[in-house]
Amino acid sequence: MNLNIFANPDALHEAAAQRIVHLLRQKPDAVLGLATGGTPVGIYRALVAAVRRGEVTFARVTTFNLDEYVGLPPDHPESYRFYMDHHLFRHIDIPPEQTHIPDGNAADLERECERYERLLQDAGRIDLMLLGLGHNGHIGFNEPGQVLHSKTHVAVLHPQTRKANARFFRSPDEVPTRAITMGLGSIFKAETILLVVKGADKADIVHRALTGPITTECPASLLQIHPRLVVMLDEGAAARFMQTMAG
Ligand code: PGA
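Each chain has its residues counted from 1, running along the sequence as written. Only residues with pLDDT of at least 70 are given local features in this predicted model, and only at 80 or more are side-chain atom pairs given and counted; all residues enter the totals for whole chains, interfaces and linings. Side-chain numbers here rest on the full set of heavy atoms in the structure, without hydrogens or water.

(A) The packing of helix 2 (residues 41-52) against helix 3 (residues 80-87), seen in detail. At a minimum axis separation of 10 Å, helix 2 and helix 3 run at an interaxial angle of 40°. Compared by their axis directions, helix 2 and helix 3 come out oblique. Residues V41, Y44 and V48 of helix 2 touch helix 3, and the partners they reach there are Y83, M84 and H87. As a working rule, the residues Ala, Val, Leu, Ile, Met, Phe, Trp, Tyr, Cys and Pro are called nonpolar, Asp, Glu, Lys and Arg charged, and the rest polar, with Gly in that last group. Its residues placed into classes, the contact of helix 2 with helix 3 shows 5 nonpolar, 1 polar and no charged. To get an axis, a line is fitted to the C-alpha atoms, and for a helix only the part in contact is used. The angle between two axes follows their N-to-C directions and goes from 0 to 180 degrees. Note on conventions: DSSP H or I runs of at least 4 residues are helices, E runs of at least 2 residues are strands, and numbering of each starts at the N terminus. Each angle is binned into one of four classes, with values under 35 degrees roughly parallel, values over 145 roughly antiparallel, values of 65 to 115 roughly perpendicular, and all other values oblique. Contacts are residue-level and defined by heavy atoms, with any inter-residue pair within 4.5 Å sufficient.

This is the structure:
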């Protein structure tokens with residue numbers, strides 16, 4: 001594992017963005033896997049700044065987002081389509097048709113999952129997959145449990161996930177109960193996985209995921225066996241690793 005610890009969130013955002021910029025300068029038609037949530041906002045801000053400075057172009061990049069809520073209209077401020085347009089796509093030079101997010105409003109959700117999976121396969125492998133980490137060890141909406149799915153599927157959100165995400169909604173009842181998410185197989189096919197985790201509240205889970213047993217009860221623990229996992233933590237999230245190193 002390639003573990004990188006940054007003194008503060010801004011340094012972390014800048015380093016993660018620079019990793020993406022570096023990839024795109026080497027491979028301008030790269031395929032990126034993208035995440036939403038609180039963690040990537042600063043990374044996207046840094047990427048927008050890099051595009052504005054002329055350091056990088058997204059003109060030939062293709063993107064696939066990890067997931068989307070079921071049942072929120074695309075213009076709902078908490079839909080992940082809205083989030084991506086708002087934080088990244090609208091501010092960079094990527095043609096909209098090269099950005100992919102599952103359609104959480106499809107009439108037939110199973111068919112939508114199959115369509116998304118086919119799109120992923122047609123694109124070849126994801127060059128870099130950006131991941132955040134849930135407090136319960138989820139990646140995308142692959143929640144802890146007895147089974148994990150390989151392909152894009154409809155997931156029922158774990159109560160802890162709905163609670164964590166309630167901060168973005170007017171009331172906890174508004175948090176959708178289901179989402180479409182890429183499966184572990186789709187995520188694992190990525191050439192490089194960039195796991196970014198911030199904040200002391202994630203110190204325990206990130207340590208457990210990366211050093212504990214590999215189990216479906218902590219989906220991120222599977223990342224331990226990915227051949228090219230790059231981990232970026234701020235000092236808050238890295239607290240348990242720093243204790244181990246100091247001890
Ligand atoms: P967060 O979510 O970045 O909003 O903490 C991460 C996740 O749940 O995967």
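That was the structure; now back to the text.
(B) Just the sheet that holds strand 8 (residues 178-181), in detail. Here the rule is simple: two strands pair whenever DSSP picks up at least two bridges between them. Ordered by their spatial adjacency, 3 strands build an open sheet running 4-8-7, and the pairing between neighbours is antiparallel. If you trace the sheet from one side to the other, it starts and ends with strand 4 (67-69) and strand 7 (153-156), each paired once. Strand after strand, the sheet turns through a mean of 30° between neighbouring axes, direction not considered. Two strands pair when backbone bridges link them, and strand 7 and strand 8 are joined in this way by 4 bridges, in the antiparallel orientation. Bridge assignment links V154 to a residue of strand 8, and that residue is I180.

(C) View of the packing of aromatic side chains. Only centres within 6.5 Å qualify two rings of Phe, Tyr or Trp (six-membered ring in Trp) as a pair; their planes then separate them into stacked at under 30 degrees, edge-to-face at over 60, and tilted for everything else. With the rule as written, the count across this model stands at 7 aromatic pairs. Centroid distance Y44 to Y83: 6.4 Å. Interplanar angle 75°. Geometry classified as edge-to-face. Residue Y44 is located in helix 2, and its partner Y83 is located in helix 3; the two are separated by 39 residues in the primary sequence. Residues Y80 and Y83 carry aromatic rings whose centres are separated by 6.5 Å and whose planes lie at 75° to one another, so their mutual orientation is edge-to-face. Separated by 3 residues within a single helix, Y80 and Y83 lie in helix 3, roughly one turn from each other. Think of it in three bands: with a 1.4 Å probe and only protein chains considered, a residue is buried below 20% of the maximum accessible area for its type, exposed above 50%, and partly exposed in between. Overall, Y80 belongs to the buried group, its relative accessible area being 8%. By the ring-pair criterion, three or more aromatic residues cluster together here, those being Y44, Y69, Y80, Y83, F141 and F169.

By themselves, these observations are geometric and do not establish any function.
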